[in-house]
Amino acid sequence: IYPSSSQTILAKIGENGDNRPKHFVSEYLSDNDATLIIPVSSLKTSSITLSKGDEIGVFSQGGLCVGSGIWRGENLPITIWGDDASSKAIDGMQKDESFYLRLWDADNDIEYELSCVISGTTAKYSANDILVAEALSFSVDMNEAQSRKEPAVFKLRQNSPNPFNPSTTITFTL
């Protein structure tokens with residue numbers, strides 16, 4: 001028996017609509033993609049501890065968020081979106097392009113760059129591929145980064161209103 005309304009369907013997809021990442025948001029969808037699976041076992045030998053609600057984002061070499069997922073304490077599949085060939089803009093991964101991962105610690109609102117080992121090689125995109133992370137680790141020693149008191153991550157947000165007005169506001173975080 002099928003649900004009688006879309007409200008019923010939406011309630012089944014996620015708990016109160018929290019099934020989509022809020023920190024790492026992928027803007028573009030395309031007709032070609034790959035899947036990255038981050039098994040719980042990939043964390044067993046690392047210093048990374050994930051909490052439910054943390055997010056992992058996949059980024060192109062140009063810094064474009066091309067996929068993300070919310071950690072729920074179980075194996076995490078993430079769709080990695082490829083470039084849409086019908087548009088002139090590069091809005092996804094290119095064939096054989098390397099990608100990197102970022103972790104958002106939701107409790108502390110901090111981002112970390114991650115290193116990912118996939119079958120003994122670097123992470124590269126290919127449409128319709130299924131990639132399984134064998135191991136995840138921090139790209140830099142987090143104790144060293146925190147002792148330098150430098151921001152591990154910065155964000156420059158969209159200005160508002162547009163820059164052609166007499167004044168504009170640009171929000172940033174460190």
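Definitions and cut-offs
- Residues numbered from 1 in each chain as written.
- Predicted model: local features only at pLDDT ≥ 70, side-chain atom pairs only at ≥ 80, totals over all residues.
- Heavy atoms only, no water.
- Salt bridge = Lys/Arg side-chain N within 4 Å of Asp/Glu carboxyl O.
- Buried < 20%, exposed > 50% of the residue type's maximum accessible area, 1.4 Å probe, protein only.
- Helix = DSSP H or I, 4+ residues; strand = E, 2+ residues; numbered from the N terminus.
- Contact = heavy atoms within 4.5 Å.
- Polar contact = N/O pair within 3.5 Å; in protein donor to acceptor, adjacent residues only side chain to side chain.
- Pairing = 2+ DSSP bridges.

Novice: Break down the pattern of salt bridges for me, citing the residues and quoting the values.
Specialist: Following the criterion strictly, the structure yields 2 salt bridges and no others. Taking the shortest distance from any N to any O, the salt bridge between Glu111 and Arg102 comes out at 2.8 Å. The two residues Glu111 and Arg102 agree in class, both being buried. In this structure, the salt-bridge partner of Glu113 is Arg102, at a minimum N-O distance of 3.4 Å. Note that Glu113 is positioned in strand β6 (residues 110-118) and Arg102 in strand β5 (residues 99-105), a separation of 11 residues in sequence. In this structure Glu113 comes out as partly exposed when scored by relative accessible area, which is 34%. Here Arg102 falls in the buried class, since its relative accessible area comes to 12%. Residues joined in a network through salt bridges with shared partners are Arg102, Glu111 and Glu113.

Novice: Lay out the environment of Ser42 in plain terms, naming residues and giving numbers.
Specialist: Mapping Ser42 onto the fold places it in the loop between β1 (33-38) and β2 (55-60). For the pair Ser42 and Val132, spaced 90 residues apart in sequence, the C-alpha separation works out to 9.0 Å. With residues near it in sequence (within four places) discarded, Ser42 still touches Ala133, Glu134, Ala135 and Leu136. From its side chain, Ser42 meets the backbone oxygen of Pro39 in a polar contact 2.7 Å long.

Novice: Please give an account of unusual backbone geometry that cites residues and values.
Specialist: Although it is not a glycine, Asp96 sits at a positive phi angle of roughly 65°. What makes Asp96 partly exposed here is its relative accessible area of 46%. Despite not being glycine, Asn128 has its phi angle at roughly 65°, a positive value. Mapped onto the secondary structure, Asn128 falls in the loop between β6 and β7 (130-138). Owing to a relative accessible area of 68%, Asn128 belongs among the exposed residues under this scheme.

Novice: I'd like to hear about the environment of Gly92, residue by residue, with values.
Specialist: Turning to its location among the elements, Gly92 is positioned in the loop between β4 (76-81) and β5. Separated by 12 residues in the primary sequence, Gly92 and Ile80 place their C-alpha atoms 8.2 Å from one another. Once residues within four sequence positions are removed from consideration, Gly92 is found in contact with Leu64, Val66, Trp81, Gly82, Asp83 and Glu97.

Novice: Residue-level account of the pairing of β7, with values.
Specialist: Look at any regular strand and the pattern is simple: side chains alternate between the two faces of the sheet. By the bridge criterion, 3 bridges tie β1 to β7 in an arrangement that is parallel. Each residue of the ladder has a partner; that of Thr35, found in β7, is Ile130. Sheet topology places β6 next to β7; 5 bridges connect them, and they run antiparallel. Residue pairing across strands places Val117 opposite Ala135, the latter belonging to β7.

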